[in-house]
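Structural features, examined
Chain by chain, the residues:
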Amino acid sequence: MFSVKSVLAVLICAALTTSAALAHDVAPGDAGYIQEIWGVHIIPFLYLGAKHMVTGYDHILFLLGIVFFLYRMRDVAIYVSLFAVGHSITMLLGVWFGWGINAYIIDAIIGLSVVYKALDNLGAFQRWLGVQPNTKWATFVFGLFHGTGLATKILDYNISQEGLLANLLAFNVGVELGQLLALFVILIVMGFWRRSPNFMQQAIYANWIMVILGAILTYVQVAGYVASA
């Protein structure tokens with residue numbers, strides 16, 4: 001039903017067709033909505049949070065990298081929770097306290113997170129450096145960066161202070177719901193893929209492609225930063 005070629009084709013197309021935009025950019029219609037409303041709007045912000053996660057190709061790539069070689073649901077839950085907690089902390093606090101980082105810089109770091117996780121899956125750090133980074137801590141730290149990226153973009157749209165906390169909490173819940181949906185799809189695809197007798201060989205190719213995609217995302221953001229300077 002699923003093949004490695006089809007999965008990788010989707011990943012490559014997603015990165016190449018959207019790499020010109022910031023990874024955490026907000027659709028023009030959604031941005032206009034955020035700027036124009038005030039007060040508490042729970043359902044719309046739930047929807048916007050879920051939409052952001054499901055359409056955020058950088059999030060999806062990193063999430064894929066996290067669960068690529070996790071076979072037990074307990075391990076999946078631990079790592080995804082660490083990412084979610086990190087993401088939630090900086091998104092909520094970043095918007096609430098007005099912490100912002102240049103969007104190009106933070107998105108370049110997020111691109112590097114994809115590179116890191118794919119190299120980690122390939123065992124590159126152990127072979128090249130003789131050390132194995134703590135993958136749980138790395139997942140949490142990169143979650144902080146992913147949340148900072150979103151907070152930076154939301155701050156650009158001057159969201160109304162009226163109802164801010166409730167709206168942010170709703171948005172964050174929406175992000176986590178979107179993450180669960182994306183994770184559900186990824187795990188189904190991985191379940192079928194792992195049944196292939198060639199999975200381990202294909203997994204090596206897949207993770208090297210993820211390295212390339214993460215490098216492309218990083219390059220685009222660095223080039224954008226240089227051009228805007």
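Fair warning: this is a prediction, and the values are worked out from it, not measured in the lab.

Quick word on the nonpolar core
If you look at the biggest cluster of nonpolar residues, it comprises 36 residues, and the most contacted ones within it are Ile-66, Val-67, Phe-68, Leu-119, Ile-186 and Met-190. Secondary-structure elements contributing two or more residues to this core are α4 (57-67), α5 (73-97), α6 (103-121), α7 (124-129), α8 (135-156), α9 (164-193) and α10 (199-228). The leading source of residues in this core is α4, at eight residues. If near-sequence neighbours (up to four positions away) are discounted, Ile-66 is found in contact with Tyr-79, Phe-83, Lys-117 and Thr-139. One finds Phe-45, Met-53, Val-95 and Phe-171 within the second-largest nonpolar core, a separate group that totals 14 residues.

Brief notes about the pattern of salt bridges
Inspection of the entire model under this criterion finds two salt bridges. Close ionic contact of Lys-117 with Asp-120 constitutes a salt bridge, the shortest N to O distance being 2.8 Å. Remark: Asp-120 and Lys-117 occur in helix α6; sequence separation between them is three residues, near one turn of the helix.

A few points about the environment of Leu-82
In this fold, Leu-82 is placed in helix α5. A relative accessible area of 24% means that Leu-82 is categorised as partly exposed. A C-alpha to C-alpha distance of 8.8 Å links Leu-82 and Val-141, two positions 59 residues apart in sequence. Sequence-distant contacts of Leu-82, that is, excluding residues within four places in its chain, are made with Lys-136, Thr-139 and Phe-140.

Here we look at the environment of Arg-194
Within the secondary structure, Arg-194 sits in the loop between α9 and α10. Residue Arg-194 is classed as partly exposed on the basis of its relative accessible area, which comes to 21%. Here Arg-194 is in contact with Val-67, Phe-68, Phe-69, Leu-70, Tyr-71 and Phe-199, once residues within four sequence places are set aside. At 3.0 Å, the side chain of Arg-194 forms a polar contact with the backbone oxygen of Val-67.

Digging into the confidence of the model for the chain
In the predicted model, the chain carries a mean pLDDT of 83, and the fraction of residues at 70 or more is 84%. Put simply, helix α1 (residues 4-18) is where the chain has its lowest mean pLDDT, 49, and α10 is where it has its highest, 93. Every residue in residues 14-23 is under pLDDT 50, and counting partners more than four places away or in other chains gives 20 contacts.

Some thoughts on the side chain of Asn-207
Inspection of the secondary structure assignment puts Asn-207 in helix α10. A distance of 2.9 Å separates a polar atom in the side chain of Asn-207 from the backbone oxygen of Ala-203. Setting aside residues no more than four positions away along its own chain, Asn-207 makes contact with Phe-68, Phe-69, Ala-118, Asn-121 and Leu-122.

A word on a nonpolar patch on the surface
A cluster of nonpolar residues, Val-85, Ile-89, Leu-93, Trp-96, Phe-97, Trp-99, Leu-165 and Leu-169, forms a patch on the protein surface that exposes about 780 Å² of accessible area. Among the secondary structure elements, those contributing two or more residues to the nonpolar patch are α5 and α9. At five residues, the largest contribution of residues to the nonpolar patch is made by α5. You can see Phe-97 is positioned in helix α5.

Scoring rules and cut-offs
Residues numbered from 1 in each chain as written. Predicted model: local features only at pLDDT ≥ 70, side-chain atom pairs only at ≥ 80, totals over all residues. Heavy atoms only, no water. Core = buried A, V, L, I, M, F, W, Y, C linked by side-chain atoms within 4.5 Å. Buried < 20%, exposed > 50% of the residue type's maximum accessible area, 1.4 Å probe, protein only. Helix = DSSP H or I, 4+ residues; strand = E, 2+ residues; numbered from the N terminus. Contact = heavy atoms within 4.5 Å. Salt bridge = Lys/Arg side-chain N within 4 Å of Asp/Glu carboxyl O. Polar contact = N/O pair within 3.5 Å; in protein donor to acceptor, adjacent residues only side chain to side chain. pLDDT = per-residue confidence, 0-100. Patch = residues over 30% accessible without salt bridge, like charges linked within 9 Å, V, L, I, M, F, W, Y side chains within 5 Å. Areas by Shrake-Rupley, 256 points an atom, 1.4 Å probe, with all protein chains shown as cover.

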